[in-house]
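Here's the letter readout for the chains.
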Amino acid sequence: MTQPLTVLQSEETLTVPTPAVAVEDLWFAYREGSWILRGVDLQIPMGGFWAIMGPSGAGKTTLMRILAGLLPFPRGRVLLLGHPVRGELEPALRRSVGYIPQQLGLVRGLTALENVLLGSLARHRGWQTALGFFPRAEIERAMALLEVLDLADRADEKVFRLSGGERQRVAIARTLMQDPQLILADEFVSDLDLPRAAHVLAFVYRLARERGLTVILNLHELQLVQEFAEHVVILKDGRVVFESPALDLTWPLFREIMGDYEREALK
Amino acid sequence: MSAKRVAVRGTWQTLERRRWRELGFSLGLMALLAWLLNGMGFFEAGRLIQGAFNLARFAHEMFPPDVRILPTITGALLETIQMAFAGTILGFLLSFPLGVLGSRTLFPAGVVAVVRFLVAAIRTVPSLLWAVLMVIVVGLGPLAGTLALAFYTVGYLAKLYAELFEAIDPEILEAMRGVGAKRRHLIRFVLWPESANAILSQLLFMLEYNVRASTVLGLVGAGGIGFYMQAYLGTMAYSRLTTVLLAVLLLVIGMDALSAWVRRRYLLHP
């Protein structure tokens, strides 16, 4: 494995490309003894659009939460954008990593615009924002993002009044508001039907390309993976069991990898 | 017998066992109630019949209501409303921060335990006793009543709010921590808007309760209409007492209507 840490700290010695995410022998358990992750190894390059697949309970969400700095882990090594991570991310890194949880984590009682503005909190940690006052420049940025995501006319609508697809886009806008380099999205389109999910992913894909972002998605649908992801990783029983360019993962292969698991589950 | 049939039979037996348990529980509860009532003399027919006669006599003396006292009691009635509103708002202002401090969502177990103990201690004291205490502290009058209602409000609202905050979807908090939000941001942007509906709803409930409670605080000299209640009761001026009670009834109905209107108008969250 490369040692990107020193590389990032001093620009002149930048010789090896730093991976966006480097995970080495990562172990995790919510309860002692029952491991959810059992030695995950993973390297995702900068600018990649990667999908993580796997049966329920394989540890996909747990992996995402660890990468987002929300879970301290007992064993292994995680480097995010070249910085070592152990539990909570330090503020500078925090800003560079956008995380969209499965149920989006939007505040339903706030408007779309207010939710997007929350993405700027890492830049404004004073009391002013705690009282609800954001700098005008941030408000303009948030509006611009809503415009890009085709939500400008819904800006003042409370989130609980928005449709599923609109909420998804608000969550994306909030993450983009952070100005991240890396976006982690945990099955965030799983509540949408296929065409809508594809629509949302197309948005994310285009934006990621335009801005040179690295995106890691947990996805269930092979069609979506084949259409949007460049690379796919399959997690099973807490281990990486498959990794390839997304187009190489065909239906028969996918069924074969997932298959015995489903049969086991049915028993 | 096939495995499937055994399984169905097992389910059926579980179901039936559950029904018997429920039935047994209901019977047990009724037996308990009968035993308690018996202990209080509920099943002594003579006493109940005598009680009915007393009630009839009392009712006869109560009617017709003496409306000449209306100008006299109007001021006291307004004071009652004033006490209820001021006490509720004051109590609310204290309850929100205590609710935040008392929820494990944002604060460590030690802080939570201390706050919860404090709130439980406040809740233990009934509103009338708070009124007596406040009369001792600040003297007779509506200020004592207002403070008494404020304390009583804190005892309940702080607990309810703490529970509300603990029920907030952890994913929202997680997402907010993910964007680098601090505790003060979580309070302003998650706890408040996510619970606003329930906060308002419980606040209205407390206001309705306090309007009722404030009518009796005057019994101990803590201001409001209760003073007249006690005076008319003490001098056996029952027809005047009726007027007071009817006025209070109207006030309570009005308050409930106002609260229902606020709910319809502002509680939009699904």
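From a predicted model like this one, the values you see are computed outputs, not experimental measurements. (Residues numbered from 1 in each chain as written. Chains lettered and ligands numbered in written order. Predicted model: local features only at pLDDT ≥ 70, side-chain atom pairs only at ≥ 80, totals over all residues. Heavy atoms only, no water.)

Moving on to the pairing of strand S9 (residues 231-236) of chain A. Residue and element names in this part refer to chain A. For S9, the tally of buried residues reaches six of six residues, placing the bulk of the element in the interior. The two faces of S9 match: His-231, Val-233 and Leu-235 on one face and Val-232, Ile-234 and Lys-236 on the other face are all buried. Relative to S9, strand S3 (residues 49-53) runs parallel, the two being bridged by four bridges. Among the inter-strand pairings, Trp-50 is bridged to a residue of S9, identified as His-231. (Buried < 20%, exposed > 50% of the residue type's maximum accessible area, 1.4 Å probe, protein only. Helix = DSSP H or I, 4+ residues; strand = E, 2+ residues; numbered from the N terminus. Pairing = 2+ DSSP bridges.)

Turning our eyes to something else, we now look at the environment of Gln-50 of chain B. All names here are of chain B. Structurally, the position occupied by Gln-50 is in helix H2 (residues 45-62). Residue classification places Gln-50 among the partly exposed positions, given a relative accessible area of 44%. Each C-alpha atom, one on Gln-50 and one on Trp-12, is 53 Å from the other, the two residues being 38 residues apart in sequence.

The subject of this paragraph is the packing of helix H6 (residues 142-166) of chain B against helix H8 (residues 183-217) of chain B. Residue and element names in this part refer to chain B. Following both chains from N to C, one finds H6 and H8 inclined at 150 degrees, their axes separated by 10 Å at the closest point. Taken together, the axes of H6 and H8 lie roughly antiparallel to each other. H6 and H8 meet at a crossing whose hand is right-handed. Mapping the contact onto sequence places Gly-145, Ala-148, Leu-149, Tyr-152, Thr-153, Tyr-156, Leu-157, Leu-160, Tyr-161, Leu-164 and Phe-165 in H6 and Leu-191, Ser-195, Ala-198, Ile-199, Gln-202, Leu-203, Met-206, Tyr-209, Asn-210, Ala-213, Ser-214 and Leu-217 in H8. By residue class, the composition of the contact of H6 with H8 is 17 nonpolar, six polar and no charged. (Axes fitted to C-alpha atoms, helices over the stretch in contact; angles between N-to-C directions. Parallel < 35°, antiparallel > 145°, perpendicular 65-115°, else oblique. Left-handed = near helix turned anticlockwise from the far one by under 90°. Contact = heavy atoms within 4.5 Å. Nonpolar A, V, L, I, M, F, W, Y, C, P; charged D, E, K, R; others polar.)

Phe-188, Val-189, Val-225 and Leu-249 of chain A together with Phe-165 and Met-176 of chain B are the most contacted members of the largest nonpolar core, which totals 101 residues. The greatest single-element share of this core, amounting to ten residues, is contributed by H6 of chain B. Apart from residues no more than four positions distant in its own chain, Val-189 of chain A is found in contact with Gln-168, Ala-197, Val-200, Leu-201, Leu-219 and Leu-224 of chain A. Membership of the second largest hydrophobic core comes to 33 residues, among which are Ile-44, Leu-63, Leu-70 and Leu-80 of chain A. (Core = buried A, V, L, I, M, F, W, Y, C linked by side-chain atoms within 4.5 Å.)

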